[in-house]
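Geometric and topological summary
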Amino acid sequence: MIRLESFVNGAWKAGKGDGRRFVNPTTGEVLGTVDASGIDTEAAVTYARHTGGAALRKMTFAERAALLRGVSDVLAANRPRYNEIATRNSGNTQSDATIDIEGGIGTLKVYSRLGDRLGATQMLIEPGSDQLAKEDVFRAAHIWTTRPGVAIHINAFNFPSWGLWEKFAVAVLAGVPVVAKPASPTAWLSHEMVRDVCAANVLPAGVLSLICGTGEGLLDSVTAMDHVAFTGSHETASHLRRHPRVLETSPRLNIEADSINATILGPDVTSGQEIDALFRREIVRALSVKAGQMCTNIRRILVPQARANEIVEALAAELATLKTGNPGDAEVRVGPLVHAQARDEAVDRIAALAREAKAAAGGGIPAEVSDADPKRGAFLAPTLLVARDADHLQAVHEIEVFGPAATVIAYRDLDHAIALALAGGGSLVASLFSDDPQVGHKVVPDVANAHGRVMAIDSTVGKAHTGHAIVMPQCVHGGPGRAGGGEELGGLRGLRFYMQRTAIQGSPGFLNSLRGTAADAAL
Ligand code: NAP
């Protein structure tokens, strides 16, 4: 049985307890245990803050970019083993695993290229300056410098690779060392990746630490200069926000939580158009890719009232062709959820939604699955629900079924569609499928203030779009309200979480000379 260890103070250490078990969700077989009990997390965080922080702060952006490239090369060389772990422990099909593993490697590469662009500097300066005196002898410019703390990254189970490396890439490019805590059910992949990176010796001491365990005590020694970036459920986020040490010291806190994302089909779209097919393709993806376990996934499908029945029938027919089962089978499109408890929770939540919506496809545990036993594996049938009354919905706007499930809601007109999208209380992403620019001009600004990202697809984009659920490192990720209020990535924008903006007041000559020592912070 595999026993995951933690990498702290520059060495691998086992916990002292029995730990929590992690499983193969296709078979229910126990694969190993995760445990960090007895590990001095305070000492680990202090070591990272001082040893790793000192090393990174001496380096330029370009030198840190080289570190990221070194890590991505190590990971790229071990892809086949990671894919195997993702299938065994996360229930990933090969394309599911690619999203997580290549997503991590790709994000490291994007940030290493950004670092190259910033070059041999350690500071950012915003464009322009403001005159502060009558005579132009006193001005202000704004610079960004690395904060001296550590980054504590607490990740969700559904992206053990991408979640680890997307946060790491931004923090390290900004010059901040990382203590990462993967979620216990899928920590195995993060553990193997960090083991390979440590063995390859591509990072200075203290730049990356890994805690495999519950994370208990991880925030007990957090300081005002530290950065806590959390990804996970709304419930855990609320708990961390109220952590006494977080309240007392006010570290920077970024929350990426769950959200009830919506997609809107424009009223201009008719059956048979390319844009209609693109819309349905995206819904089928939402109900199959990673078995629906993506925070950005479509949970609410807003369609014009007049077309609702026809669209539901077409989607139900397409879903019936999807093969659910053993993700090792190349034809399987829907693997299991991460474990039986997650599947049971999803079934309970579908039952809660059933008060407001009826199932047009799926709705529970499938009677049969391909090459696996549905009683042992954590399978959930792709589930399409249809809201009974769009004007009296609460559960549909509030309850996240973290699996292959979404609800169709029929809208009367665009104002109604926008109001329904906003009823999610703040989401990570919304999408619109329409060939009428007027529809886009109304929907995009009206929903943007409640979303971190809006994807507006017309048929000129066609299949070239990256997907409603896929987070691109060039774009900000995070959303207001229910989604946690955080913001990550977005190219150089992401660095700001780990850096301090300071107004520098001085003579125009001095500010110009300062500009020569810094990289341009223009985005
Ligand atoms: P979770 O149960 O909230 O756990 C998230 C992380 O928090 C795990 O690493 C967990 O560790 C840790 N944790 C729990 N209690 C903690 C505590 N008291 N102190 C420190 N750490 C603690 O979420 P999950 O089940 O892993 O992930 C699924 C959820 O994440 C979904 O709701 C999904 O929508 C959301 N999500 C959001 C995003 C986003 O970017 N917005 C991305 C992915 C997922 P253990 O596993 O060891 O308990």
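Please refer to the structure placed before this passage.
Let us look at the structure shown here. Position numbers for residues start from 1 in each chain and track the written sequence from start to end. A pLDDT threshold of at least 70 governs which residues receive local features in this predicted model, and a stricter bar of 80 or more applies before side-chain atom pairs are shown or counted, although totals over entire chains, interfaces and linings include all residues. Only heavy atoms go into the side-chain values, all of them from the structure, while hydrogens and water stay out.

Notes on the site of the ligand
Quick note on the threshold: The criterion for a residue being near a molecule or strand is simple. One of its heavy atoms has to lie within 4 Å of it. Whenever two N or O atoms come within 3.5 Å, that pair is a polar contact, provided that in protein one can donate a hydrogen and the other can accept it, and provided that, for residues adjacent in sequence, both atoms are side-chain atoms. The numbering of helices and of strands both runs from the N terminus, where a helix is a DSSP run of H or I of at least 4 residues and a strand a run of E of at least 2. Ten residues, namely Ala, Val, Leu, Ile, Met, Phe, Trp, Tyr, Cys and Pro, are considered nonpolar, four, namely Asp, Glu, Lys and Arg, are considered charged, and the remaining ones, Gly among them, are considered polar.
Of all residues adjacent to the ligand, which total 29 residues, the nearest are Ser184, Ser233, Thr236, Glu400 and His477. Interatomic distance of 3.0 Å between a backbone N/O atom of Phe157 and an oxygen atom of the ligand. Between the ligand and Gly232 there is a distance of 3.4 Å, counted from an oxygen atom to a backbone nitrogen or oxygen. Sorting the residues of the shell around the ligand by element identifies β12 (227–231) and α7 (234–241) as the ones contributing at least two each. Looking at the shell around the ligand residue by residue, the classes come out as 12 nonpolar, 12 polar and five charged.

Remarks on the environment of Ser507
Going by this rule: Only protein chains enter the accessibility calculation, which uses a 1.4 Å probe. A residue is then buried if its area is under 20% of the maximum for its type, exposed if over 50%, and partly exposed in between.
Here Ser507 is to be found in the loop between β23 (499–506) and α15 (508–515). Residue Ser507 is classed as partly exposed on the basis of its relative accessible area of 33%. Sequence separation between Ser507 and Gln131 is 376 residues; the distance between their C-alpha atoms is 9.7 Å.

Brief notes about the sheet that holds strand β14 (residues 261–265)
Rules: When DSSP finds at least two bridges between two strands, those strands are taken to pair. Angular values range over 0 to 180 degrees, each being the angle between N-to-C directions of two axes fitted as lines to C-alpha atoms, with helices fitted over their stretch in contact.
Pairing is mixed across the open sheet formed by seven strands, whose spatial order is β16-β17-β18-β15-β14-β19-β20. The two strands at the open ends of the sheet, each matched to only one other strand, are β16 (357–361) and β20 (451–457). When strand polarity is set aside, the average angle formed by the axes of neighbouring strands in this sheet is 25 degrees. As judged from the six bridges shared by strand β19 (residues 427–433) and β20, these two strands associate in the parallel manner. Note that in β20 the partner of Ala430 across the bridge is Val454.

Things to note about unusual backbone geometry
With a phi close to 50 degrees, Lys290 is a non-glycine residue in the positive phi region. Relative to the helices and strands, Lys290 is located in the loop between α9 (274–286) and β15 (298–304). Lys290 gets classed as buried once you look at its relative accessible area, which sits at 4%. The phi dihedral of Leu489 is positive, around 55 degrees, even though this residue is not glycine. Structurally, Leu489 is set in strand β22 (residues 488–489).

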